[in-house]
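Listed below are the residues making up each chain.
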Amino acid sequence: MKEHQKYIRNFSIVAHIDHGKSTLADRILEMTDTVAKRDMKNQLLDNMDLERERGITIKLNAVELNYHAKDGHDYEFHLIDTPGHVDFSYEVSRSLAACEGAILVVDAAQGVEAQTLANVYLAIDDDLEIVPVVNKIDLPSADPDRVKKEIEDIIGLDTSDAVLASAKKGIGIEKLLEQIVRKVPAPQGNLDDPLKALVFDSIYDDYRGVVLSVRLYDGVVKPGDKIRLMNSGSEYEVNEVGVNSPHPVQREYLMAGDVGYITASIKDIAQTRVGDTVTNADNPAAESLPGYREMEPMVYSGLYPTDNAKFGDLREALEKLKLNDAALEFEPESSQALGFGFRCGFLGLLHMDVVQERLEREFNLDLITTAPSVTYHVSTTDGETKLVENPSEMPDASEIKQVLEPYVKATVMVPNDYVGAVMELCQHRRGQFETMEYVDDYRVNVIYHIPLSEIIFDFFDNLKSATRGYASLDYELEDYKQSDLVKIDILLNGEKVDALSFISHRSFAASRSRDIVGKLKNIIPRQNFEIPVQAAVGAKIIARTNIKAYRKDVTAKLYGGDRTRRMKLLEKQKAGKKRMKAVGKVDIPQEAFMAVLQTDEDEKGKN
Ligand SMILES: Nc1nc2c(ncn2[C@@H]2O[C@H](COP(=O)(O)OP(=O)(O)OP(=O)(O)O)[C@@H](O)[C@H]2O)c(=O)[nH]1
């Protein structure tokens, strides 16, 4: 068996979003005949429907491939895909921990971007061998020589034999496979030592229980073995071991160096944690593997079933989802308006969106999500400090001594010409300029300290449009700073709707309130009575409007002539209906809870 280890290669692909990782992974799968051509769907590794629809990679996936190299030997590759979006960098570090090498994919037209750097530094920190690939050389705007130089200058990697590839056209793939054989080291590890395997992912399967994705560092594991999860202390008997190729294929055993899965009729989801170490129950390893850095959620939002009876189902679904989404956090909360639900912590808005959609699709739930909020550190006049993740729980202004809010250090990489636009955007978002560094002759890193609450909403979209798509963003949580913040309550028909409360900087309070009251007026359907919509700070109303009573023929008048538009409206209403919550006498659609998210840059610019 020892001899066999020499022919194993474990690697990941890291890149900035959209530089072509998933396409490259597809080509590698094709070239290694892992998938028969007729079975080849585009982006096979992205196996969640959601990923395919959105064209982004969210979950890491591991596949085993067989490659017959030019040296005459058959190699076993384990490829672990990684996501490129800034929300998901914790997934990247998890997959890297299971590898000896990383393929660095850089777009031949775009060059090195912020997330390229963030991801490749994670790989370098883990001492992985990096294999640079310049992708999309088929594009007319490709400039591989410039990009190679960038990789050398900015990252410090030797690119003299970097692979020039087009994942789309299948160019350069064989050269890449040969480099993986030559450059990525074979896994080390002792077969005779007690089992030591890192759990880097897990999913719940109704028939098999928890399926653990593991990377074995030492020892061997086979069906019938008694295993222990070192951190949780729980023990199980192994039912099945195997690899994904890319569908599960049972094996007699897995050994040091292998990447595969273990099932052991594990029903108790709470006992399995990604990052834990699997060992033998009878002959345990002396110490566990380092595991992962715990990820702190950045944003919180309330998730409520539209049907209150589904609260238990939602809890179960969240528990199952957490299994392969270690960064998801949740705890029960209740709202006067929405009933019983959960306050959930997410890494960012994309993560939040993905979780909501997975809950709805995979678990058949209809949900209302409240607007996301960051965590505030609030000290009160009676000398206490508390963490507020839900705006409606912000104490009364008279009881507050000070409020601290999280700030991030944001690095925006942008071509020279757009520096002005980026600075303007950051200033409007209460950013404090730190410095500007030249990356090369054309681009700079603009570094700002910005409140996280200003970043999480639509900062990225605004950044992209202000720079015609050229800017890339990376940010990390820095510290908490004091800010002049106020809670704004929304009243519908005179009743406070706790789930609509939000927190704003005092200087934006009036304009944001006007904005939101106006949006709610458009979003909330008319009823047969007039509904006042008000925004208040404490007892003081700072903005108001009315939703007029419903009159017959309203849509007929407005949309009478245009059939398609009317159909669209009806479709929209149908979809919206499902996600409507009756609060008092007023029906509030899901959109209303998110109205606070859409800030209007022009409005803010005037402040
Ligand atoms: N012209 C050209 N387009 C490519 C090539 N490789 C990928 N693309 C396109 O680039 C886009 C992004 O490719 P993906 O493979 O989805 O990118 P990714 O890096 O996996 O993105 P995430 O998984 O979301 O991080 C897709 O539209 C691909 O068709 C290439 O070699 N040439």
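Residues numbered from 1 in each chain as written. Predicted model: local features only at pLDDT ≥ 70, side-chain atom pairs only at ≥ 80, totals over all residues.

- The chain appears in an unreviewed UniProt entry as Elongation factor 4 from Apilactobacillus ozensis DSM 23829 = JCM 17196.
- As recorded by UniProt, the Subcellular location (unreviewed entry) comment attached to the chain reads in full: "Cell membrane".
- We quote the UniProt Catalytic activity (unreviewed entry) comment for the chain here in full: "GTP + H2O = GDP + phosphate + H(+)". (UniProt positions renumbered as here; feature names shortened; annotations may be inferred.)

**With respect to the overall build of the chain**
Thought 1: The helix and strand inventory of the chain stands at 17 helices and 33 strands.
Thought 2: Residue burial in the chain is summarised as follows: out of 607 residues, 46% are buried.
Thought 3: A separation of at least 24 residues holds for 70% of the contacts in the chain among residues at least 6 apart in sequence. (Helix = DSSP H or I, 4+ residues; strand = E, 2+ residues; numbered from the N terminus. Buried ≥ 20, exposed ≤ 12 C-beta atoms within 10 Å, placed from the backbone. Contact = placed C-beta atoms within 7 Å.)

**Description of the UniProt feature "binding site: GTP" (unreviewed entry) in the chain**
Thought 1: As annotated in UniProt, the feature "binding site: GTP" (unreviewed entry) corresponds to D18, H19, G20, K21, S22, T23, N135, K136, I137 and D138 in the numbering used here.
Thought 2: With respect to the helices and strands, the residue N135 is situated in strand β5 (residues 129-135).
Thought 3: The contact partners of N135, leaving out residues within four places of it in the chain, are H19, G20, L24, V105, V106, D107, A108, A165, S166 and A167.
Thought 4: By the secondary structure assignment, I137 is in the loop between β5 and α6 (144-155).

**Things to note about unusual backbone geometry**
Thought 1: Phi is positive for N364, which is not a glycine, with a value near 60 degrees.
Thought 2: Turning to its location among the elements, N364 is positioned in the loop between α9 (349-362) and β20 (367-369).
Thought 3: Assessed through the 10 C-beta atoms surrounding it within 10 Å, N364 is described here as exposed.
Thought 4: The phi dihedral of N493 is positive, around 55 degrees, even though this residue is not glycine.
Thought 5: Looking at the element boundaries, N493 is found in the loop between β27 (485-492) and β28 (495-496).
Thought 6: Judged by local crowding, N493 falls into the partly exposed class, with 17 C-beta atoms found within 10 Å.

**Points about the sheet that holds strand β19 (residues 339-346)**
Thought 1: The antiparallel open sheet is built from four strands, whose spatial order is β18-β19-β17-β20. Unpaired on one side and paired on the other, β18 (329-335) and β20 mark the two borders of the sheet. Across the sheet, the mean angle separating the axes of adjacent strands is 30 degrees when strand polarity is ignored.
Thought 2: Bridging between strand β17 (residues 299-305) and β20 involves three bridges; their strand directions are antiparallel. Pairing of L303 across the sheet is with T369, part of β20. (Pairing = 2+ DSSP bridges. Axes fitted to C-alpha atoms, helices over the stretch in contact; angles between N-to-C directions.)

**A word on the packing of helix α10 (residues 419-428) against helix α12 (residues 459-466)**
Thought 1: The N-to-C vectors of α10 and α12 enclose an angle of 155 degrees; their axes lie 9 Å apart at closest approach. With respect to α12, the element α10 is oriented roughly antiparallel. Considering only the axes of α10 and α12, their crossing is right-handed. Between α10, through A421, V422 and L425, and α12, the contact on the second element is made entirely by N462, L463 and A466.
Thought 2: Considered class by class, the residues forming the contact of α10 with α12 number five nonpolar, one polar and no charged. (Parallel < 35°, antiparallel > 145°, perpendicular 65-115°, else oblique. Left-handed = near helix turned anticlockwise from the far one by under 90°. Nonpolar A, V, L, I, M, F, W, Y, C, P; charged D, E, K, R; others polar.)

**So, the environment of N190**
Thought 1: By secondary structure assignment, the location of N190 is in the loop between α7 (173-183) and β7 (196-205).
Thought 2: Residues N190 and G257, spaced 67 residues apart in sequence, show a C-alpha to C-alpha distance of 9.1 Å.
Thought 3: Here N190 is in contact with D218 and A256, once residues within four sequence places are set aside.

**As for the nonpolar core**
Thought 1: Among the nonpolar cores identified, the biggest contains 159 residues, and L104, V133 and V221 are the most heavily contacted of them.
Thought 2: When residues of this core are assigned to their parent elements, the largest contribution, seven residues, is made by strand β23 (residues 400-415).
Thought 3: Not counting chain neighbours up to four residues away, the residues in contact with V221 comprise L195, A197, L216, I227, V238, V241, Y253, L254 and I262. (Core = buried A, V, L, I, M, F, W, Y, C linked by C-beta atoms within 7 Å.)

**Things to note about α9**
Thought 1: The end-to-end C-alpha separation of α9 is 20 Å, in line with the 20 Å expected for 14 residues at 1.5 Å each.
Thought 2: For α9, the complete set of buried residues consists of L349, H351, M352, V354, V355, R358 and L359.
Thought 3: N364, located one to two residues past α9, shows a positive phi value of around 60 degrees. (Expected span 1.5 Å × (residues − 1).)

**Brief notes about the packing of helix α2 (residues 21-31) against α7**
Thought 1: Relative to each other, α2 and α7 sit at 85 degrees, their axes nearing to 10 Å. As judged from the angle between their axes, α2 and α7 are roughly perpendicular. Note on element contacts: α7 touches α2 through I173, E174 and L177, opposite R27, I28 and M31.
Thought 2: A breakdown of the residues in the contact of α2 with α7 according to their chemical character gives four nonpolar, no polar and two charged.

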